[in-house]
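# Architecture at a glance
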Amino acid sequence: MAGVFLLQALLCTSSLMGLAHGALNFESVQLKEKDVAGFPGVAFPKKGKAQPSNAKCKAFPGSNDWPSSAEWRRLNATLGGALLNPDPPAAACYKGPNYDAAKCSFLVNNASNTHYYIDDPISALTTWPQGSTCLPALNPTGKCTRGGYPSYIVNATTVKHIQLAINFARNKNVRLVIKNTGHDFGGRSIGAGSLSIWTHNLDAFEYLPKFKLGAYSGPAAHFGAGLEQWELFNQMQLNNITIVGAGFRAIGANGGWFASGGHGSLASLYGLAADQALELHVVTADGRYLVANELQNTDLFYALRGGGGSTYGVVTSVIVKAYPPITLMESNLYIACNPPADTNARARWAPITAATNYVNDTERFWEAVSIYFRFKETIVDTKNVDWDYIYPLGPNSFSFRTRISYPGLTPSQAANLLQPLYDQFTIAGFTFHPTNLTELSSTYLPYAGTSLTAPPGPAVGTANTRYRSRLYPRENWSDDTLFNATMSAIRFAVETGGYTFHGLSYGPTLEVAGYPGRTSAVNPAWRKAVMHGALMTVQPTNFTPQQARDEEATMAVYTKRIRDVTPGSGSYMNEGDPGEPDWQGSFYGRDGTYEKLLKVKKDRDPWGLFWARTTVGSEAWEVQSVDGYPWSQNGRLCKVAPEGKGKDKGKGKRKNK
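Scoring rules and cut-offs
- Residues numbered from 1 in each chain as written.
- Predicted model: local features only at pLDDT ≥ 70, side-chain atom pairs only at ≥ 80, totals over all residues.
- Heavy atoms only, no water.
- Helix = DSSP H or I, 4+ residues; strand = E, 2+ residues; numbered from the N terminus.
- Rg over C-alpha atoms; globule rule 2.2 N^0.38 Å.
- Buried < 20%, exposed > 50% of the residue type's maximum accessible area, 1.4 Å probe, protein only.
- Contact = heavy atoms within 4.5 Å.
- Areas by Shrake-Rupley, 256 points an atom, 1.4 Å probe, with all protein chains shown as cover.
- Salt bridge = Lys/Arg side-chain N within 4 Å of Asp/Glu carboxyl O.
- Axes fitted to C-alpha atoms, helices over the stretch in contact; angles between N-to-C directions.
- Parallel < 35°, antiparallel > 145°, perpendicular 65-115°, else oblique.
- Left-handed = near helix turned anticlockwise from the far one by under 90°.
- Phe/Tyr/Trp six-rings, centres within 6.5 Å; stacked < 30°, edge-to-face > 60°.
- Lys NZ or Arg CZ within 6 Å of the ring centre and 35° of its normal.

## Let's talk about the overall build of the protein
Scanning the protein from terminus to terminus reveals 18 helices and 19 strands. Taken against the 2.2 N^0.38 rule, which gives 26 Å for 657 residues, the C-alpha radius of gyration of the protein at 24 Å falls within 12% of a compact globule. For the protein, the spread of C-alpha atoms along the three principal axes comes to 80 × 60 × 55 Å. Every one of the 657 residues in the protein was classed for burial, and the buried ones make up 57%. Sequence separation of 24 or more characterises 75% of the internal contacts of the protein that already satisfy a separation of 6 or more. Accessible surface for the protein amounts to roughly 25,700 Å². Of this, 53% is attributable to carbon and sulfur atoms.

Written as structure tokens, this is what we have:
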């Protein structure tokens, strides 16, 4: 993987300024005042009151205020050649100077079986926000256009690169976006007419066996913003440690996943990813490189731990708590109701295996699923987690699969934990065979796995998956009437709406979050949740804007019913709906958290430089989509008209939903 940096231990003692550890190598290369002499476009702002642009919109290609070609060339020279201007990958499939039959064939047939899209500076794994204006096809129709992809990209390999990009975008009123892996379902990694900061190659790692800061004393790890989860797993194994990480190996270990909370297999035991942070290194909108911890820049230390990404600054690295090595055991349960004989008719992730338990009646299927969902409270209360899916496979045809992870338990302990679940199945008349229990020993593995993953990393493809998520509070389990209403709402969405339901059981309470996680900006709804559940669908790439709007309206019927049985709760932004009603309350909290975060945003970014859909402060701007596609990033970014006359549907009166 590109951009691997040699590490040098830069240990220093704690000070009143709170700097408990030195910078990673790439962070020691910083922009100095002498570097910007003679080039006002990359100058730091003058000390004193900030002077935001009076322009109603960000500069856009073709507008009078768009930087000239000479200015872009000078920026590239100042960056040492790190400024990229790539065409969309699929341009290789369209007639013209970029046509490349071999590359096109690769994109269509093989790219999704490789790490290509993660390593590509312009791509995002979800294509609909871009406008689907340049899709790979062997015989495409129409023309390939840039659509919502950025105009220029800075391949950041030093802090100096990030500072230059920030200063240029701020001074020239250019839209700025931040992209790590592009594992993004809401269009926050792209933007038409933007300058993108690509942090993918900031992937350094350093293990700190003895780290002390504030009330914390113990092992820690310091790693860059671009480190992927599979690389973090490798480092865990090499250093014989455990670090809270994501389940999907190609997710950035310190990107948007981390910034909005970040869930994973250890969430019920150690908390969310944001709960682990002891210190963050960040470049803010004034182009300054700062260290944030509980002793300095405390407002940023609060906001950057769960308050969402792409809005307060560009995080370059994080220091997190490290734990002793832990084993992670897993078990599976499969239930199917009248599965179709044609395997092609089954959902991609709905396997029918030798261990599948069959029922032939729809009511009995949902009864079995309900028994399992009741058990979720036990899963999180015993510090475990689960991932489950309910798939609609056709008329009166469904499948259910779940995987429970048991950090730190022995096979016999896990078997004892599961037995009450199977006892309940037996009482209800189900003859489910707990064959998975006899297989536990085969998955009794260290958390990081048994072998190192070699570059270039796991295969990842593009997909137009849409998530609409909700955090289901504990009250939905303690009240029988509310639990039944919850199951009815889920069933309604799957059975009538045809949506897949994806449930994840976690218990990252304040007690579990510990120090200093309990004082973070994580959505308070996480602390009371037993389950994070999402309705999933794949949005066709050929959807017209009207079809997309119709789908939004249809989905709203089902999401409203789920919100009605979870009043006052919230949603996880990373797997949330970009069109979420009252997104400020849903994604950030209704206890004053959003207002507190908004103050940090305004204090740290008075220019409105950082913007992404549904991030803190984003209600002040909107994308004027050229195609009318809801929540598209294919258009110019402009300020919202006063008195609620803008198009941003996230605005409006707050409701306690």
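After that view, the rundown keeps rolling.
## Structural notes on the side chain of Arg527
Tracing the sequence through the fold places Arg527 in helix α15 (residues 524–527). The exposure class assigned to Arg527 is buried, which follows from its relative accessible area of 12%.

## A few points about the pattern of salt bridges
For the structure on display, the rule yields 25 salt bridges. Note that Arg604 is salt-bridged to Asp299, the shortest N-O span being 2.9 Å. One end of the pair, Arg604, is in helix α18 (residues 593–604); the other, Asp299, is in helix α8 (residues 298–303), with 305 residues separating them in the sequence. Put simply, Glu552 and Arg466 hold a salt bridge, and the shortest N to O gap is 2.9 Å. Taken together, the positions of Glu552 in helix α16 (residues 545–564) and Arg466 in strand β15 (residues 465–473) put the pair 86 residues apart, joining distant regions of the chain. Like Glu552, the residue Arg466 is buried in the burial classification.

## Brief notes about the packing of helix α9 (residues 362–381) against helix α13 (residues 480–496)
Orientation of α9 relative to α13, taken along the N-to-C sense of each, is 125°, at an axis distance of 11 Å. Judged by the inter-axis angle, α9 sits oblique to α13. Handedness of the α9/α13 crossing: right-handed. Between α9 and α13, the residues in contact are Thr362, Glu363, Trp366, Val369, Ser370, Phe373 and Arg374 and Asp480, Phe483, Met487, Ile490, Arg491, Val494 and Glu495, respectively.

## Quick notes on the environment of Trp66
Secondary-structure assignment places Trp66 in the segment before α1 (69–78). Taking the C-alpha atoms as reference, Trp66 lies 9.2 Å from Gly193; in sequence the two are 127 residues apart. Trp66 has contacts with Ala59, Phe60, Pro61, Trp72, Ser151, Tyr152, Val174 and Gly193, leaving out every residue within four places of it along the chain.

## Quick word on the packing of aromatic side chains
Tallying each qualifying case throughout the model produces 32 aromatic pairs. Members of the aromatic cluster, each reached through a chain of ring pairs, are Tyr372, Phe373, Phe400, Tyr472 and Phe501. Sitting over the face of the ring of Phe301, Arg305 holds its NZ or CZ atom 3.8 Å from the ring centroid. Directly above the ring of Trp387 sits Arg403, whose terminal nitrogen or CZ lies 4.7 Å from the centroid.

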